[in-house]
Amino acid sequence: MTDLHYRRMGEGRPVVVLHGLFGSGDNWGSVGRELAEDHDVLLVDLRDHGRSPHTDHITYPLMAEDVHRLVTGLGLEDIILVGHSMGGKTAMVFAQHWPGLLRHLVVVDISPREHENNHGHIIRALLEADLSGDDRKAVEEQLLRGIPEPGVVQFLMKGLYRKDDGGFAWRMNVPLLEHDLSHILAAIGPETVRVPTLFIRGGQSNYILREDLPAIKEQFPNGRVETIPYAGHWVHAQAPDEVVSLIRALP
């Protein structure tokens with residue numbers, strides 16, 4: 001297990017937030033600040049991301065164990081566990097193993113099935129970028145040549161930091177993510193989750209398809225799906241007010 005970095009704010013019922021692939025807890029900063037007005041919010045960096053340690057293996061059981069170590073170490077219970085994409089699958093696996101710690105599970109735009117690999121070009125661009133210089137703009141321009149999606153590049157650039165000895169580095173452990181990507185794309189286990197679960201789906205995203213809904217209902221019998229029609233995969237960035245409202249309305 002790995003000791004995870006996290007940022008904590010607010011007071012009230014605990015809300016633990018798990019980010020997606022290539023991200024960090026900071027991606028949820030604005031939503032976290034809103035929720036912190038009446039909740040105890042933890043924005044967590046999962047292993048090999050953000051300021052958490054780099055390891056030699058990444059799977060959903062390992063990430064869920066890391067989160068379990070964090071929340072039990074802090075004495076948290078009756079938790080609202082929120083996870084986006086990779087963090088959503090981590091949260092689902094957590095709920096399979098430690099349902100007694102959870103009051104509610106919130107899964108943001110990811111289904112429990114296996115997903116296709118549409119990240120290969122992103123990983124190649126991250127690995128091939130020349131980080132030896134001192135110009136962030138030059139790194140950004142390199143990424144844009146391999147990733148013709150400015151919004152994705154801006155998201156990735158949040159993970160770039162300047163090293164003390166000069167040059168830049170990625171906060172995410174890119175070589176490991178390339179090696180273990182099949183584990184990140186994999187389906188979660190078949191165990192039923194009876195924790196009350198809210199799936200928040202981006203209407204412009206293909207991570208939760210209409211044909212996924214019967215299987216979700218079967219595996220999560222106390223679950224429901226809310227769709228935000230105009231949002232894509234980064235629902236919390238594109239519709240933060242709606243996400244906050246849905247979480248606040250949980251019983």
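Small disclaimer: the values here were computed from a predicted structure and weren't measured.

Cut-off values and rules
- Residues numbered from 1 in each chain as written.
- Predicted model: local features only at pLDDT ≥ 70, side-chain atom pairs only at ≥ 80, totals over all residues.
- Heavy atoms only, no water.
- Helix = DSSP H or I, 4+ residues; strand = E, 2+ residues; numbered from the N terminus.
- Rg over C-alpha atoms; globule rule 2.2 N^0.38 Å.
- Buried < 20%, exposed > 50% of the residue type's maximum accessible area, 1.4 Å probe, protein only.
- Lys, Arg positive; Asp, Glu negative; His and termini not counted.
- Charge placed at Lys NZ, Arg CZ, Asp CG, Glu CD.
- Arc of directions from axis to C-beta.
- Contact = heavy atoms within 4.5 Å.
- Polar contact = N/O pair within 3.5 Å; in protein donor to acceptor, adjacent residues only side chain to side chain.
- Pairing = 2+ DSSP bridges.
- Right-handed = clockwise from strand over helix to strand, strands pointing away.
- Salt bridge = Lys/Arg side-chain N within 4 Å of Asp/Glu carboxyl O.
- Axes fitted to C-alpha atoms, helices over the stretch in contact; angles between N-to-C directions.

Student: Explain the overall build of the protein chain to me, and be specific about the residues and the numbers.
Tutor: A tally of helices and strands in the protein chain yields eleven helices and nine strands. A globule of 251 residues ought to have a C-alpha radius of gyration of about 18 Å, and the protein chain, at 18 Å, matches this closely. Based on the C-alpha atoms only, the size of the protein chain along its principal axes is roughly 50 × 40 × 35 Å. The proportion of buried residues among the 251 residues of the protein chain is 55%. Charge separation in the protein chain, taken as the distance between the mean sites of 24 positive and 35 negative side-chain charges, equals 3 Å.

Student: Residues and numbers for helix 5 (residues 136–146), please.
Tutor: Taken together, the buried positions of helix 5 are Val 139, Glu 140 and Leu 143. Looking down the long axis of helix 5, one finds its buried residues gathered within 100° of arc, a one-sided arrangement. Residues of helix 5 that are buried sit in contact with helix 4 (120–128), helix 6 (150–157), strand 6 (160–162) and strand 7 (168–170). Sitting at the amino-terminal end of helix 5 is Asp 135, which places a side-chain oxygen 2.9 Å from the backbone nitrogen of Lys 137.

Student: Tell me about the pairing of strand 4 (residues 79–84), and please be specific about residues and values.
Tutor: Most of strand 4 is tucked away: six of the six residues are buried. Across four bridges, the pairing between strand 2 (residues 13–18) and strand 4 is parallel. The partner of Val 17 across the bridge, within strand 4, is Val 82. Bridging between strand 4 and strand 5 (residues 102–108) involves six bridges; their strand directions are parallel. Paired with Leu 81 across the two strands is Leu 105, which belongs to strand 5. Taken together, strand 4, helix 3 (residues 86–97) and strand 5 form a β-α-β motif whose crossover is right-handed.

Student: Tell me what's going on with the pattern of salt bridges, and back it up with residues and numbers.
Tutor: A pair can form between side chains of opposite charge whenever their charged atoms are brought close. Applying the stated criterion across every chain, the model contains twelve salt bridges. With a shortest N-O distance of 3.6 Å, Asp 78 and Arg 13 are connected by a salt bridge. Here the residue Asp 78 occupies a position in the loop between helix 2 (60–73) and strand 4, and Arg 13 occupies one in strand 2, the gap between them amounting to 65 residues. We classify Asp 78 as partly exposed; its relative accessible area is 33%. Across the salt bridge formed by Asp 78 and Arg 103, the nearest N and O atoms sit 3.3 Å from each other. Of this pair, Asp 78 sits in the loop between helix 2 and strand 4 while Arg 103 is found in strand 5, placing the two residues 25 residues apart along the sequence. Within this structure, Arg 7, Asp 26 and Arg 51 form a network of salt bridges that share partners.

Student: Tell me about the sheet that holds strand 5, and name the residues and values.
Tutor: Neighbouring strands of a sheet are bound in pairs by backbone hydrogen bonds; such pairs are parallel or else antiparallel. Pairing within the open sheet is mixed, and its seven strands lie in the order 1-3-2-4-5-8-9. Either end of the sheet is taken by a strand with one partner, and the two such strands are strand 1 (6–9) and strand 9 (223–228). Pairwise comparison of adjacent strand axes, ignoring direction, gives a mean angle of 15° for this sheet. Across four bridges, strand 5 lies against strand 8 (residues 197–202) in parallel orientation. Note on strand 8: the bridge partner recorded for Val 106 is Leu 198.

All quantities given are derived from atomic positions and should not be read as evidence of function.
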